[in-house]
Amino acid sequence: MSAAQHESDEIAAIRQAVRALCEKFPGEYWRALDRERAYPTEFVEALTGAGFLAALIPEQYGGSGLSMGAVIAIMEEIQANGCNGAACHAQMYVMGTLLRHGSPEQKQKFLPSIARGELRLQAFGVTEPTSGTDTLNLRTTAVRDNDHYVVNGQKIWTSRVEHSDLMLLLARTTPREQAQKRTEGLSVFLVDMREARGKGLTIRPIRTMMNHATTEVFFDDLRVPAENLIGREGQGFRYILSGMNAERILIAAECIGDAKWFIGRASGYARERNVFGRPIGQNQGVQFPIARAYAQMRGAELMVHEAAGLYEAGRDCGAEANMAKLLAADASWAAADMCVQTHGGFGFAEEFDIERKFRETRLYQVAPISTNLILSYLAEHVLGLPRSY
Ligand SMILES: Cc1cc2nc3c(=O)[nH]c(=O)nc-3n(C[C@H](O)[C@H](O)[C@H](O)COP(=O)(O)OP(=O)(O)OC[C@H]3O[C@@H](n4cnc5c(N)ncnc54)[C@H](O)[C@@H]3O)c2cc1C
């Protein structure tokens, strides 16, 4: 019995609804977009229309206020049915920063419109070309000028900006040497890109190995109203960190979905493909890697559910969320490699979708946090080993 089979009727119904929606977006749909590196607008609209992207918004703001368990089921099902939630997953966790740290006015202004699908909050600008993973060294500045902040600098890998109305932006408001603590002096803003484009905000798409709608973003004296500062000035790094557990758990769930898709495809093919007068899956050399990938996925799935349970209970889940992301990304990548191998030459053919999903799932070894950084978190914060950076 898989972890999914222990779930409530409510979650089973959500899975069924997501599956039904995904059936309308088969492999041909994704292949055509992949060739053009085009955004899956119809798919995202369908998810929005069904209310899935408002799953974590509380009911008082017009969302469905679902549990983390329900939300991981949504993300997993999207991937397990051959679709790609990366086109819109950020909305699920980015708005958590607004929800936890935004003022009542900000929440009332933005959350109901996001829940209704009128406003898209899909973009998250943290990474910069020079600082990379070393977020505290980022160089984009926001300087107060009366009732505005003036933003200058550059972000990279800011995904979905062209398909979002709002961006959550992390920028330095106090020079590093003047900040009271190492982790202070950064602030979070909600940038309304409908107003900002052409007035100090320039977006340049980056073509990547998979279809991801990612970009470089340049800020040149962009004026952001001071009322769009989230929480207290200088505390932004803490706010961003507090949203990361949800991000890790949701992406881990997507990886579990990917792994299930690869394992399903490989098992089906190994049963049907006959070579030397018998199904290739009759050879243990073919069936063992599939069985191993399955065991690896199931182990990772347990950690995803553990992390989601702790998150839901409001308990500290930093270690579990990070381990869930690490184990699930490893499981999906191992399953992807196994699936190509099981298909032999056909694993490379576009029409099988395997090479596309293979490229897509590779990302999660690097983003939103790379494997090394998770290992270093565990080493330092869980195992008490000396700090390495
Ligand atoms: C397609 C895509 C979409 C993305 N979307 C977004 C987005 O929407 N918003 C956003 O803000 N960011 C986004 N990112 C950025 C992503 O989070 C970063 O690429 C990732 O965190 C790694 O940072 P980096 O690329 O700067 O690598 P670097 O920090 O330059 O690191 C390079 C390599 O060195 C390793 N490394 C670095 N320091 C250490 C160390 N101390 N110990 C051990 N190993 C180390 C890393 O693990 C990595 O493998 C996206 C990236 C990609 C590729």
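Relevant structure appears above.
What this report covers is the structure whose coordinates are included nearby.

### Concerning the overall build of the chain
Okay, step 1: A count of helical and extended segments in the chain gives 12 helices and 10 strands.
Okay, step 2: In the chain, buried positions account for 55% of the 389 residues.
Okay, step 3: In the chain, of all internal contacts separated by at least 6 residues, the share reaching a separation of at least 24 is 73%.
Okay, step 4: About 17,400 Å² of surface is accessible on the chain, with carbon and sulfur atoms providing 51% of the total.
Okay, step 5: In the chain, 42 positive and 46 negative side-chain charges are present, and the distance between their average locations comes to 3 Å.

### Points about the pairing of strand β4 (residues 166-172)
Okay, step 1: Within β4, 7 of the 7 residues are buried, which leaves the element mostly enclosed by the surrounding structure.
Okay, step 2: Of the two faces of β4, the one holding L166, L168, L170 and R172 and the one holding M167, L169 and A171 are both buried throughout.
Okay, step 3: Bridge count for strand β1 (residues 121-125) against β4 is 4 bridges, and the pairing is parallel. In the sheet register, A123 faces β4, and the bridge partner there is M167.

### Describing the side chain of R359
Okay, step 1: Tracing the chain through its elements places R359 in helix α11 (residues 354-362).
Okay, step 2: Its relative accessible area of 15% is what places R359 among the buried residues.
Okay, step 3: Among the polar contacts made by the side chain of R359, one reaches the side chain of D34 at a distance of 2.7 Å.
Okay, step 4: Apart from the residues lying within four places of it in its own chain, the contact partners of R359 are D34, R37, M209 and M210.

### So, the side chain of T342
Okay, step 1: Looking at the secondary structure, you find T342 in helix α10 (residues 318-343).
Okay, step 2: There is a polar contact of 2.7 Å between the side chain of T342 and the backbone oxygen of M338.
Okay, step 3: If we skip the residues at most four places from it in the chain, T342 touches A266, Y269, A270, I280, V286 and I290.

### Some words on the site of the ligand
Okay, step 1: Around the ligand lies a shell of 19 residues, among which F124, T127, T133, W157 and S370 are the nearest.
Okay, step 2: Note that an oxygen atom of the ligand is positioned 3.2 Å from one of the backbone N or O atoms of P368.
Okay, step 3: At 2.9 Å from a nitrogen atom of the ligand is found a side-chain nitrogen or oxygen belonging to N372.
Okay, step 4: Relative to its free-state accessible area of 970 Å², the ligand is covered by the protein chains to the extent of 66%.
Okay, step 5: Looking at the shell around the ligand residue by residue, the classes come out as 10 nonpolar, 8 polar and 1 charged.

### Details of the nonpolar core
Okay, step 1: Formed by 101 residues in total, the largest nonpolar core has its most connected members in F43, I74, I78, I114, I249, L250 and V304.
Okay, step 2: When sequence neighbours within four positions are dropped, the list of residues in contact with V304 reads I72, I249, A252, A253, I256, A324 and A328.
Okay, step 3: Grouped together as the second largest cluster of nonpolar side chains are 20 residues, L169, L201, I203 and V217 included.

### Examining the environment of K24
Okay, step 1: Structurally, K24 is set in the loop between α1 (9-23) and α2 (27-36).
Okay, step 2: On the accessibility criterion, K24 (64% relative accessible area) is exposed.
Okay, step 3: It is 36 Å that separates the C-alpha atoms of K24 and G285, two residues lying 261 residues apart in sequence.

### Section: the packing of helix α5 (residues 89-101) against helix α8 (residues 236-272)
Okay, step 1: Running from N to C, α5 and α8 cross one another at 155°; their axes reach a closest spacing of 9 Å. The angle between α5 and α8 falls in the class roughly antiparallel. Note that α5 runs across α8; the crossing there is right-handed. The residues of α8 that touch α5, namely those facing H89, M92, Y93, T97, R100 and H101, are Y239, S242, G243, A246, E247, L250, I251 and E254.
Okay, step 2: Residue classes in the contact of α5 with α8 are distributed as 6 nonpolar, 5 polar and 3 charged.

### What about the packing of helix α4 (residues 68-80) against α8?
Okay, step 1: Interaxial distance between α4 and α8 falls to 7 Å at its minimum, and their mutual angle equals 40°. Classed by the angle they form, the pair α4 and α8 counts as oblique. The two elements α4 and α8 meet at a crossing, and its hand is right-handed. Residue-level contacts link M68, V71, I72, M75, E76, Q79 and A80 of α4 to A246, I249, L250, A253, E254, I256, G257, D258, K260 and W261 of α8.
Okay, step 2: Residue composition of the contact of α4 with α8, by class: 11 nonpolar, 2 polar and 4 charged.

### Things to note about unusual backbone geometry
Okay, step 1: Residue P368 is bonded to the preceding A367 through a cis peptide linkage, with omega at -5°.
Okay, step 2: The topology assignment puts P368 in the loop between α11 and α12 (371-382).
Okay, step 3: Even without being glycine, D221 reaches a positive phi, approximately 55°.
Okay, step 4: Inspection of the secondary structure puts D221 in strand β7 (residues 214-225).

### What about the environment of A17?
Okay, step 1: Mapping A17 onto the fold places it in helix α1.
Okay, step 2: Owing to a relative accessible area of 34%, A17 belongs among the partly exposed residues under this scheme.
Okay, step 3: In the structure, A17 is positioned 60 residues away from E77 in sequence and 9.5 Å away in space, judged by C-alpha atoms.

### Let's talk about α4
Okay, step 1: Between its terminal C-alpha atoms α4 stretches 18 Å, which fits the 18 Å expected from 13 residues at 1.5 Å a residue.
Okay, step 2: Of all the 13 residues making up α4, 11 are buried; the element is thus mostly covered by neighbouring parts of the structure.
Okay, step 3: Buried within α4 are the following residues: M68, A70, V71, I72, A73, I74, M75, E76, E77, I78 and Q79.
Okay, step 4: In this fold, the buried residues of α4 make contact with α1, α3 (41-49), α5, α8, α9 (284-312) and α11.
Okay, step 5: In the segment just after α4, G82 is the residue with positive phi, at about 85°.

Calculation criteria
Residues numbered from 1 in each chain as written. Predicted model: local features only at pLDDT ≥ 70, side-chain atom pairs only at ≥ 80, totals over all residues. Heavy atoms only, no water. Helix = DSSP H or I, 4+ residues; strand = E, 2+ residues; numbered from the N terminus. Buried < 20%, exposed > 50% of the residue type's maximum accessible area, 1.4 Å probe, protein only. Contact = heavy atoms within 4.5 Å. Areas by Shrake-Rupley, 256 points an atom, 1.4 Å probe, with all protein chains shown as cover. Lys, Arg positive; Asp, Glu negative; His and termini not counted. Charge placed at Lys NZ, Arg CZ, Asp CG, Glu CD. Pairing = 2+ DSSP bridges. Polar contact = N/O pair within 3.5 Å; in protein donor to acceptor, adjacent residues only side chain to side chain. Near = heavy atom within 4 Å. Nonpolar A, V, L, I, M, F, W, Y, C, P; charged D, E, K, R; others polar. Core = buried A, V, L, I, M, F, W, Y, C linked by side-chain atoms within 4.5 Å. Axes fitted to C-alpha atoms, helices over the stretch in contact; angles between N-to-C directions. Parallel < 35°, antiparallel > 145°, perpendicular 65-115°, else oblique. Left-handed = near helix turned anticlockwise from the far one by under 90°. Expected span 1.5 Å × (residues − 1).

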